[in-house]
Every structure is written in C-alpha cells, then in structure tokens.
Amino acid sequence: MKIRRAFADLSPGQIHYAECGDREAPAVLLLHQSPRSWLEYREVLPLIGAHRRAIAMDTVGFGDSAAGDAPASIEWWARVACELLDALKIEKADVVGHHTGGVIAVELAAAFPGRVRALVLSSTPFTNAAFRTARAERPPIDEVAPSEDGSHLAALWQRRQGFYPPKRPELLEAFVRDALKASGSPEDGHRAVAAYRMEDRIHLVTQTTLLIRATDDPFASPHAAELHEELANARIVDIEGGMVPLPDQMPEAFAETVLTFLETLK
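Residues numbered from 1 in each chain as written. Predicted model: local features only at pLDDT ≥ 70, side-chain atom pairs only at ≥ 80, totals over all residues. Heavy atoms only, no water.

**Topic: the overall build of the protein chain**
Stage number 1. Regarding its fold elements, the protein chain presents ten helices and eight strands.
Stage number 2. Computed over C-alpha atoms, the radius of gyration of the protein chain comes to 17 Å, within 12% of the 18 Å expected from 2.2 N^0.38 for 266 residues, which places it in the range of a compact globule.
Stage number 3. The principal-axis extent of the C-alpha atoms belonging to the protein chain is close to 55 × 40 × 40 Å.
Stage number 4. A total of 266 residues make up the protein chain; the buried ones form 55% of that total.
Stage number 5. Residue pairs at least 24 apart in sequence account for 73% of intrachain contacts in the protein chain once pairs closer than 6 positions are excluded.
Stage number 6. Element-wise, carbon and sulfur atoms account for 52% of the exposed surface of the protein chain, whose accessible area totals about 11300 Å². (Helix = DSSP H or I, 4+ residues; strand = E, 2+ residues; numbered from the N terminus. Rg over C-alpha atoms; globule rule 2.2 N^0.38 Å. Buried < 20%, exposed > 50% of the residue type's maximum accessible area, 1.4 Å probe, protein only. Contact = heavy atoms within 4.5 Å. Areas by Shrake-Rupley, 256 points an atom, 1.4 Å probe, with all protein chains shown as cover.)

So, in structure tokens, the structure goes:
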C-alpha cells in the first residue's frame, strides 16, 4: 500500500507527516518516541492503513518537521498535533503513541478531549515525581559529546544496543539516523518527558485506553501497571519479546494489537 508524504504549515513552521489508507476512513494518528521520526511506523502504516486512515507525524524538531522557536515541551507538541488534525480536517482521531509519543498522546487527550476518541499508549512512562527523581539521578540517555574521530556515533549506538534485539542492526541504524537529524539535542525529547507533570493531567483522560506493554522494555514495562491504576477505562495487553523499538521491531504484532483494540470500540 502506498505511503503518501506531505507537509502542513502549522505554528512552528512546516510539519511533516506520512499517511496511508483511505482519507475518508476513520483516522489514526501515530506519535513516535524520541529521538525517532515517522519512520518508526514505516512498516506499521500500511498495515493499519488497510483498515483506517493512518497518519504518522514527525514531532516538532524531529524528522523533517520544523523546530519552531518555543522551548520543547509535551504541552506544545500536543497542541501542534491538534493543529495537524485541524489542517487535515479531522474532527476526531484515535491516537497511538510510543514512549515519548505516548506522553504526548496523554496530553492531547487531556487538553483536547473532543478530538481524541480512544488512546493506545505503547511503552509509555508515568511521569510523576518518582519518575522525575529517577530521571535526574541517571545520566542522559541519548546525549553524547561530539568527537573529532566520530566515536560519538558509535557511542549513540552502544548506549541503546542492550535495549534492542540482537541481530537487528538495521533498527539501531534507523535510531542513529534519526538522532543525528534532530534539530536540537537527541536528548530534548527525554527532557520534555521528564518535565511533564502527568500526575496533574492524567485525571482528565477519560477515553478508553489500551496500554501496550513490551515485556522486554525495561524502561517502560513497569509503568503499565501504574498507568492502569490511574486510568479508569484502560486495559493492558502484553507483546512478548517487545523491546524499546517495538513498532519497527514487531510491526505486525503492533498493528494487529492496535487494530484489534479499535475494532472492539465499534
């Protein structure tokens, strides 16, 4: 199935998105982790697009989207996501987010409840005070100092390698490419997540929610139970063997899990 790519002129500048499927079908907006891009969903888009209008946007400052001139924040990124829905004349969408994308999806649902029908939060952290304390005590995830010999590129790869499946170097290569393309630091998305006070916003989320737990993702897997306690209309589905790059590691399982959930909402 053909993937269409385009730009929308929004408040930060030109925001890039890719889409697949019938434009008249119900819309599914997919939001990526940091510091990735829409390419995280390249294999997922046609699978969901066979049934829905699947749209994967590049978050402000990542992929091919403009950086804008406002400080990076989850709140701003959620507003821009809503602007994209406006530009595409989509009144209401199901929203899927992975890692950082899941945090953006929470804020989108909280701030613009009439625009979000249902949520899929994949490997999404619960960013409360305990999360912020733990985040402040550990070194940056994806920030490395540039080096003359290019060894910082290998460092980017090696920092993530233990959280990626073995014998899948193409997944790490995709990560490094996106990290280098980020307008600011590859760490900006993680800082925005750490600054977001989800505990003050999550009570506003009333949409039916699916929590996807990638069982081999040590960063996010423990948070599924916390989110389940906070969200009244949520349930958890495990994807066994899923790791940090779940959507492009296991696109078929990911798409099937999303579509099965959305079908139950009819």
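Once the structure has been displayed, the description carries forward.
**As for empty space enclosed by the protein**
Stage number 1. Overall, the coordinates contain one cavity of 30 Å³ or more when judged by the stated rule.
Stage number 2. If you go around the largest cavity, the residues you meet are Leu121, Ser123, Thr124, Leu211, Ile212, Arg213, Ala214, Ala220, Ser221, His223, Ala224 and Leu227.
Stage number 3. Looking at the lining of the largest cavity, the elements with two or more residues in it are strand 7 (208–214) and helix 8 (223–230).
Stage number 4. Tallying contributions element by element places strand 7 first for the lining of the largest cavity, with four residues.
Stage number 5. Taken together, the residues of the lining of the largest cavity sort by class into seven nonpolar, four polar and one charged. (1 Å grid on protein atoms, 1.4 Å probe; cavity = no way out; pocket = protein on both sides within 12 Å on 5 of 7 lines; lining within 4 Å. Points joined across faces, edges and corners; volume = space filled by probe spheres on them. Nonpolar A, V, L, I, M, F, W, Y, C, P; charged D, E, K, R; others polar.)

**A look at unusual backbone geometry**
Stage number 1. Omega for the peptide link from Ser34 to Pro35 comes to -5°, which places this bond in the cis form.
Stage number 2. On the secondary structure map, Pro35 appears in the loop between strand 3 (27–31) and helix 1 (44–49).
Stage number 3. You will see that His99, though not glycine, has its phi angle at about 55°, which is positive.
Stage number 4. Tracing the chain through its elements places His99 in the loop between strand 5 (93–98) and helix 3 (100–111).
Stage number 5. Accessibility expressed as a relative area gives 12% for His99, which makes it buried.
Stage number 6. The backbone phi angle of Lys167 is positive, close to 60°, even though this residue is not glycine.
Stage number 7. Within the secondary structure, Lys167 sits in the loop between helix 5 (151–161) and helix 6 (169–181).

**Focus: helix 4 (residues 129–137)**
Stage number 1. What helix 4 keeps buried is the set Phe131, Arg132 and Arg135. Buried residues of helix 4 fall within an arc of 95° about the axis and therefore sit on the same side. Among the exposed residues of helix 4, those pointing more than 90 degrees away from its buried face are Ala130 and Glu137.
Stage number 2. Those residues of helix 4 that are buried are in contact with helix 7 (188–195) and helix 8. (Arc of directions from axis to C-beta.)

**Side note on the pattern of salt bridges**
Stage number 1. Using the criterion set out here, one finds 23 salt bridges in the structure.
Stage number 2. Put simply, Arg168 and Glu170 hold a salt bridge, and the shortest N to O gap is 2.4 Å.
Stage number 3. The exposure class assigned to Arg168 is partly exposed, which follows from its relative accessible area of 26%.
Stage number 4. With its nearest N and O atoms 2.7 Å apart, the salt bridge here joins Arg177 to Glu173. Placement of both Arg177 and Glu173 in helix 6 is noted, with a separation of four residues, approximately one turn of the helix.
Stage number 5. According to the relative accessible area criterion, Glu173 is partly exposed, its value standing at 35%.
Stage number 6. Taken together, the shared-partner salt bridges connect Arg4, Glu19, Arg23 and Arg53 into one network. (Salt bridge = Lys/Arg side-chain N within 4 Å of Asp/Glu carboxyl O.)

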